[in-house]
Amino acid sequence: MVAPVPFDSRWHLDKKVPVSIIIALFAQFAGGLTFVSRLDSRIAALESLSFDKATVQRDRDQQQDKNVTDAIQLFRSQLDRMDDKLDRIIERPRKP
């Protein structure tokens, strides 16, 4: 069986809480609210910045893709010209 807890050792609230503790708790609560309210604006700013960077990166990727495509087309055209020149050299009659 559980022994009863004496009345003096139970938790209780009395008027012995210093005013400085109450003021400190209110100040901490107000600071927390201020931090949370500013946190939302900072997150919104970071999301906006991230979206802007994503747009710039997408444009850069598209430009790089276009540059690579152009380079490949130029390379293929040069290979075709080289192939034509080689065919002409091979088909040319040889001199005895």
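What counts and how
Residues numbered from 1 in each chain as written. Predicted model: local features only at pLDDT ≥ 70, side-chain atom pairs only at ≥ 80, totals over all residues. Heavy atoms only, no water. Helix = DSSP H or I, 4+ residues; strand = E, 2+ residues; numbered from the N terminus. Buried < 20%, exposed > 50% of the residue type's maximum accessible area, 1.4 Å probe, protein only. Areas by Shrake-Rupley, 256 points an atom, 1.4 Å probe, with all protein chains shown as cover. Salt bridge = Lys/Arg side-chain N within 4 Å of Asp/Glu carboxyl O. Patch = residues over 30% accessible without salt bridge, like charges linked within 9 Å, V, L, I, M, F, W, Y side chains within 5 Å. Lys, Arg positive; Asp, Glu negative; His and termini not counted. Charge placed at Lys NZ, Arg CZ, Asp CG, Glu CD.

Asks: Give a description of the overall build of the protein that names residues and reports values.
Replies: In terms of regular secondary structure, the protein is built from one helix and zero strands. Residues counted as buried form 0% of the 96 residues belonging to the protein. Summed over all atoms, the accessible surface of the protein reaches about 9,800 Å², with 63% contributed by carbon and sulfur.

Asks: Tell me about the pattern of salt bridges, and name the residues and values.
Replies: Summed over all chains, the structure comprises one salt bridge. Residue Lys66 is joined to Asp70 by a salt bridge in which the shortest nitrogen-to-oxygen separation is 3.1 Å. Here Lys66 pairs with Asp70, and both are found in helix 1 (residues 19–91), just four residues apart, close to one helical turn. Under the relative-accessibility criterion, Asp70 is labelled partly exposed at 35%.

Asks: Now, about a nonpolar patch on the surface: what can you tell me, with residues and values included?
Replies: A grouping of Val17, Ile21, Ile22, Leu25 and Phe26 is seen on the molecular surface, where their side chains present a nonpolar patch of about 480 Å² in accessible area. Turning to its location among the elements, Val17 is positioned in the segment before helix 1.

Asks: Any details on a negative patch on the surface? Residues and values, ideally.
Replies: A contiguous patch of negative charge on the surface is contributed by Asp80, Asp83, Asp84, Asp87 and Glu91. By secondary structure assignment, the location of Asp83 is in helix 1. Since its relative accessible area comes to 41%, Asp83 is described here as partly exposed.

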